[in-house]
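Single-letter residue listing:
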Amino acid sequence: MTVPLPIFVAVPLATAFLLPVFAKRGKAVATVLANLATVSLLVMALCSIGQTRVYEVGRWSIPLGINLVLDGLSCLLLLAISVVSTAAMLFSVRYMEQYTAKAKYLSLFLLMVGGMNGVVLSGDIFNLFVFLEIASIASYALVGFGCGNEELEASFKYMVLGSIASTFILFAIALVYGNTGSLNMAYISKAIQGSGLNAGLAFALSLFIVGFSLKAALVPFHAWLPDAHPSAPAPISAMLSGVLIKALGVYALVRVLFNVFGISVSMGWILIILGLSSMVAGAFLAMGQWDFKRLLAYSSISQLGYVILGIGLGGLIIAQGGNLAWASLAILGGLFHLLNHAVYKSLLFLTSGSVEMSTGTRQLKQLGGLAGKLPFTRAACTVASASIAGIPPFSGFWSKLILVIAAVQAHFYWIAAIIVFVSLCTLIMYLKVQRYVFLGELPENLQQTKENRGSMLVAMVFLACLCVLMGLLVIIPALRNSILEPAVKVLTDGLEYSTKIIKL
Amino acid sequence: MKGMTIIVKTISSWVKVLIFMFGIYIIIFGHLTPGGGFAGGVILASSYVLLMLAFGREFVEENLSLPVASKLDCVGALLFAAIAMFGLFYGAACFFWNFIQAEYLADKETAFRLISAGTIPLSNLAIGLKVGASLFLIILVLSTFRPDVSVKEKE
Amino acid sequence: MLYALCFLLFMIGLYCAVVKKNMVKIVFGIMIMEYAVNLFLIMLGYHFGGVAPIIDKSQFDPGTGQIAGSFLNNSVDPLPQALVLTAIVIGLGSLALMISICIRTYEKYGTFDITQIRRLKG
């Protein structure tokens, strides 16, 4: 089945504007509509696995009009976005009852989803910027949704850094347009191959790296993330950590570096250094946290480091003219880790939301002994923790294993050692979560705690099942060839992207 | 805010009509002259801002209350989306396909007439409604310091 | 030369956003950055002696549907102008949101000074 690509953007945006009309009639209608939208997006994303298409909006041919491109990498991100947004939307049916303006929340949520789908599908660099801004403005508002002191402050911090990043990206787009005379990514790439990298383009490239790294919260640019992600309502934290930083940061950075400018040795090293510093610094900072969601936020930085490291390692091998099989293995590890992280980190944030809703606190020192009181939340959290720490049957193990194998094969033994070391740190911090939240003594004031049932439970079980089953994505060749391999192929092909798109 | 003196009130009640008409002109002729939905919508909103300055916020809220403006905002956006979606059901079956131009007005004679350019004037109308209502909302909400109003506007 | 001035404006905005302690001034700094980029985009499309890229009846031949060659050679590039329009709309949206957050923070703390508003740390 071929779904017209703009539907992925139009459905969430149109639903977002439809919802406030129902605000008076009753929240139930709005909630059902929003859930229908996310579920239909998931179905459509599943239908478009393995396709490569170009869609010319309004029948304007490629260099003139806007085009949307669906290829393996976009499809992977589309799947991650729709899976996480379906679960988060289901979770917020019950969770958001504690806030007042639920219809507004739902429409901002859908605006964010629409923006992310747009970023992932766009084949035009300015269009990418517009969708990036839609998604980021919606997320700024959602971070400050509680309107408490900390929420407002975190939202302001996020907004200032996010706006600076957007301005950098816009400046880079202006420079690229001035130097190549095109905004279509395929044509820009062709022009750069023809003229080589002059001073203006090199400056644009550095602005792109800074801007997208700010959006992705890689370590020198990570200051906003540990404030912004814990302040948002739990389903939104799941969306922000699970997919927003990936779609806006990692995807856009990787697309621009690999397919537009072409990867070089120095850029490969930049990615590796960004990845390594994020991994190590994120892990160490996470271990010292006593706030449940803040710990998860720091651990997101650390896990995102794995993704960037894997992709950068692959890029470095390609740029040095090394063995293409190792390069694709490293990139496979990075992209698979991206998908895994989207699932288990959003699950962890949802469980933290469930704990917070039942007990009213998220300070680890005030919690304890909840294993008996919250059995399902506990089970989900244990599955996700085992997965993120890389315990064998769960999904995180496979992606980390692939990364280690790739690093060893490419003779970067020290990188492999750091991967294993950070993995141990991750295990320690999630043991800490288990110890202080679910085991130990039950405090007096938490005796009345009740499990959250209904939609929250369904969302958590859905993601937990995915956590267990995700390993199959690499083990079964058919699944690997339809979902992961096309995405890896897009990156290893590099600059051939442009010729493919123009031919289509 | 009680509003300003009688002179300001009288003059602004005259001028507001002109500004409003000018905004509508900019929107309707958006496909022929510079301007269009966004510029016209800003001008429409500015006529209400003039009223707000002259007569006070309560007067404006009586004429165009917050929920109504918010509905208009959504209707504008939905109209725009609907125009884009209609393209999927006509001829070329393409998102944003200019179906009126292609199917009914494919004639060079119509260029520079008011009714030309297919769906573009309709989209301009939708955008004008959307921008006018949302800018009005933004200014109205920012001018209230009540703590219980949720201040979340986008575009 | 003019491009360098644009860059200077961008840097002034960045300095303002990074160094100032007042929340509203930070917002203004970001806006200055945005407008510097908009100015840069407009100047990319401009060339000396260019005319506005708006077709009117005198340049259009209704019989053939052709546009006069002199217009095509002289008009400035319309694409950056369209981009700037979009960027302005986006800037307006984020400005409104930022100002509303500033107002809300002022209601809570009674100050715009970010050194006094500091609940969150590293």
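Residues numbered from 1 in each chain as written. Chains lettered and ligands numbered in written order. Predicted model: local features only at pLDDT ≥ 70, side-chain atom pairs only at ≥ 80, totals over all residues. Heavy atoms only, no water.

1. Section: the overall build of chain C
And step 1. On a plain count of helices and strands, chain C comes out with four helices and two strands.
And step 2. If you list the helices and strands of chain C from N to C, you get α-α-β-β-α-α.
And step 3. Counting the 122 residues in chain C, one finds 38% classified as buried.
And step 4. Counting contacts in chain C only where the partners sit at least 6 residues apart, residues at least 24 apart contribute 63% of the total.
And step 5. A total of about 6,600 Å² of accessible surface is found on chain C, and carbon and sulfur atoms cover 66% of it. (Helix = DSSP H or I, 4+ residues; strand = E, 2+ residues; numbered from the N terminus. Buried < 20%, exposed > 50% of the residue type's maximum accessible area, 1.4 Å probe, protein only. Contact = heavy atoms within 4.5 Å. Areas by Shrake-Rupley, 256 points an atom, 1.4 Å probe, with all protein chains shown as cover.)

2. A few points about a nonpolar patch on the surface
Residues and elements named next belong to chain B.
And step 1. A grouping of Met-4, Ile-6, Ile-7, Val-8, Ile-11, Trp-14, Val-15 and Leu-53 is seen on the molecular surface, where their side chains present a nonpolar patch of about 840 Å² in accessible area.
And step 2. For the nonpolar patch, the element with the highest residue contribution is helix α1 (residues 6-28), accounting for six residues.
And step 3. Judged by relative accessible area, which is 31%, Val-15 ranks as partly exposed. (Patch = residues over 30% accessible without salt bridge, like charges linked within 9 Å, V, L, I, M, F, W, Y side chains within 5 Å. Salt bridge = Lys/Arg side-chain N within 4 Å of Asp/Glu carboxyl O.)

3. Let's talk about the interface of chain B and chain A
And step 1. Contacts between the two partners involve 18 residues from chain B and, on the opposite side, 23 residues from chain A.
And step 2. Regarding the contact of chain B and chain A, the summed buried area is about 1,800 Å², with carbon and sulfur atoms giving 77% of it.
And step 3. On inspection of chain B and its partner chain A, the count reaches zero residue pairs in polar contact (both at pLDDT 80 or more).
And step 4. Taken together, the residues of the side of chain B that touches chain A break down into 13 nonpolar, one polar and four charged. (Buried area = accessible area lost by both parts, 1.4 Å probe. Polar contact = N/O pair within 3.5 Å; in protein donor to acceptor, adjacent residues only side chain to side chain. Nonpolar A, V, L, I, M, F, W, Y, C, P; charged D, E, K, R; others polar.)

4. Describing the interface of chain C and chain A
And step 1. Listed as interface residues are 38 residues of chain C and, on the opposing side, 33 residues of chain A.
And step 2. Summed over the shared surface of chain C and chain A, the number is zero salt bridges.
And step 3. Only α1 (2-19), α2 (23-45) and α4 (78-109) of chain C provide two or more residues apiece to the side of chain C that touches chain A.
And step 4. The element that contributes the greatest number of residues to the side of chain C that touches chain A is α4 of chain C, accounting for 16 residues.
And step 5. Of the residues that constitute the side of chain C that touches chain A, the class distribution is 25 nonpolar, six polar and seven charged.

5. Description of the packing of aromatic side chains
Centre-to-centre distance and the angle between the planes together describe a pair of aromatic rings.
Residue and element names in this part refer to chain A.
And step 1. The tally for this structure, following the rule as stated, stands at 24 aromatic pairs over all chains.
And step 2. On the numbers, 5.7 Å between centres and 65° between planes, the contact of Tyr-105 with Phe-145 is edge-to-face. With a gap of 40 residues between them, Tyr-105 in helix α4 (residues 102-121) and Phe-145 in the loop between α5 (125-143) and α6 (149-180) connect regions that are remote in the sequence. Each member of the pair, Tyr-105 as well as Phe-145, carries the same accessibility label: buried.
And step 3. A cation over an aromatic ring shows up here: Lys-365 above the ring of Trp-290, its NZ or CZ 4.5 Å from the ring centre.
And step 4. The ring of Trp-290 is capped by Lys-432, whose NZ or CZ atom sits 4.1 Å from the centre of that ring. (Phe/Tyr/Trp six-rings, centres within 6.5 Å; stacked < 30°, edge-to-face > 60°. Lys NZ or Arg CZ within 6 Å of the ring centre and 35° of its normal.)

6. Examining the confidence of the model for chain B
Residues and elements named next belong to chain B.
And step 1. For chain B, mean pLDDT is 78; residues scoring 70 or higher make up 77% of the total.
And step 2. Element-level mean pLDDT values for chain B span from 66 in helix α5 (residues 99-103) up to 88 in α1.
And step 3. Contacts of residues 147-155 to residues separated by more than four positions or lying in other chains number 30 contacts, the stretch itself having pLDDT below 50. (pLDDT = per-residue confidence, 0-100.)

7. Some details on the nonpolar core
And step 1. Of all hydrophobic cores here, the largest spans 242 residues; its most connected members are Met-116 and Phe-208 of chain A.
And step 2. Among the elements that make up this core, the one with the highest residue count is helix α10 (residues 234-261) of chain A (20 residues).
And step 3. Beyond its immediate sequence surroundings of up to four residues, Phe-208 of chain A is in contact with Ile-125, Ile-169, Ala-172, Ile-173, Val-176, Ser-213, Leu-253, Val-256 and Phe-261 of chain A.
And step 4. Among the nonpolar cores identified, the runner-up in size contains ten residues, and Leu-51, Ala-69, Phe-136 and Leu-137 of chain B belong to it. (Core = buried A, V, L, I, M, F, W, Y, C linked by side-chain atoms within 4.5 Å.)

8. Thoughts on the packing of helix α3 (residues 72-95) of chain A against helix α13 (residues 324-359) of chain A
Residue and element names in this part refer to chain A.
And step 1. In contact at an axis separation of 10 Å, α3 and α13 are set at 10° when each is read in the N-to-C sense. One finds that α3 runs roughly parallel with respect to α13. Residues Leu-73, Leu-76, Leu-77, Ala-80, Val-84, Ala-87, Phe-91, Arg-94 and Tyr-95 of α3 form the contact with α13, whose participating residues are Leu-335, Leu-338, Leu-339, Ala-342, Ser-346, Leu-350, Gly-353, Ser-354, Glu-356 and Met-357.
And step 2. Of the residues in the contact of α3 with α13, the class split is 14 nonpolar, three polar and two charged. (Axes fitted to C-alpha atoms, helices over the stretch in contact; angles between N-to-C directions. Parallel < 35°, antiparallel > 145°, perpendicular 65-115°, else oblique.)

9. A short note on the pattern of salt bridges
Note that side chains of opposite charge can pair when their charged atoms are close.
Residues and elements named next belong to chain A.
And step 1. For the coordinates displayed, the defined rule picks out nine salt bridges over all chains.
And step 2. Note that Arg-255 is salt-bridged to Asp-71, the shortest N-O span being 3.1 Å. Taken together, the positions of Arg-255 in helix α10 and Asp-71 in the loop between β2 (67-70) and α3 put the pair 184 residues apart, joining distant regions of the chain.
And step 3. On the basis of relative accessibility, which here comes to 1%, the residue Arg-255 falls in the buried class.
And step 4. On the basis of relative accessible area, Asp-71 is assigned to the buried category, the value being 4%.
And step 5. Between Lys-489 and Asp-493 there is a salt bridge, and its shortest N-O distance comes to 3.0 Å. Taken as a pair, Lys-489 and Asp-493 lie in helix α19 (residues 477-493) at a separation of four residues, close to a single helical turn.
And step 6. Note on Asp-493: relative accessible area 14%, which makes it buried.
And step 7. Linked through salt bridges whose partners overlap, the residues forming this network are Lys-157, Asp-227 and Arg-294.

10. What to know about the confidence of the model for chain C
All names here are of chain C.
And step 1. Scored by pLDDT, chain C comes out at a mean of 81, with 89% of its residues at no less than 70.
And step 2. The secondary-structure element of chain C with the lowest mean pLDDT is strand β1 (residues 60-61), recorded at 68, while α2 shows the highest, at 89.
And step 3. We note a pTM of 0.91 for the whole complex and an ipTM of 0.91 for its interfaces.

11. Concerning α4 of chain A
And step 1. Look at α4 of chain A: 29 Å from first C-alpha to last across 20 residues, which is about the 28 Å you get at 1.5 Å a residue.
And step 2. The buried fraction of α4 of chain A is high, at 19 of 20 residues. (Expected span 1.5 Å × (residues − 1).)

12. A word on the packing of helix α2 (residues 27-47) of chain A against α4 of chain A
All names here are of chain A.
And step 1. Direction vectors running N to C along α2 and α4 enclose 15°, while the axes themselves pass 10 Å from each other. As summarised for this structure, α2 and α4 are arranged roughly parallel, according to the angle between their axes. For the pair α2 and α4, the sense of crossing is left-handed. In contact with Lys-27, Ala-30, Thr-31, Ala-34, Ala-37, Thr-38 and Leu-41 of α2, α4 contributes Lys-102, Leu-106, Leu-110, Val-113 and Asn-117.
And step 2. Of the residues contributing to the contact of α2 with α4, the split by class is seven nonpolar, three polar and two charged. (Left-handed = near helix turned anticlockwise from the far one by under 90°.)

13. Quick word on helix α20 (residues 496-503) of chain A
Residue and element names in this part refer to chain A.
And step 1. Listed in full, the buried residues belonging to α20 are Tyr-497, Ser-498 and Ile-501. For α20, the angular spread of the buried residues around the axis is 95°, confining them to a single face.
And step 2. The secondary structure elements touched by the buried residues of α20 are β1 (53-56), β2, α7 (185-195) and α10. (Arc of directions from axis to C-beta.)

14. Examining the pairing of β1 of chain A
Residue and element names in this part refer to chain A.
And step 1. Taking every second residue as pointing to the same face, the buried face of β1 carries Arg-53 and Tyr-55, while none of Val-54 and Glu-56 on the other face is buried.
And step 2. In this sheet, β2 lies alongside β1 in antiparallel orientation, the contact comprising four bridges. Bridging across to β2, Val-54 finds its partner in Val-69. (Pairing = 2+ DSSP bridges.)

15. Description of the environment of Leu-66 of chain B
Residue and element names in this part refer to chain B.
And step 1. Tracing the backbone shows Leu-66 in helix α4 (residues 66-86).
And step 2. With a relative accessible area of 22%, Leu-66 lands in the partly exposed category.
And step 3. Excluding residues within four positions of it along the chain, Leu-66 makes contact with Glu-61, Leu-137, Leu-140 and Val-141.

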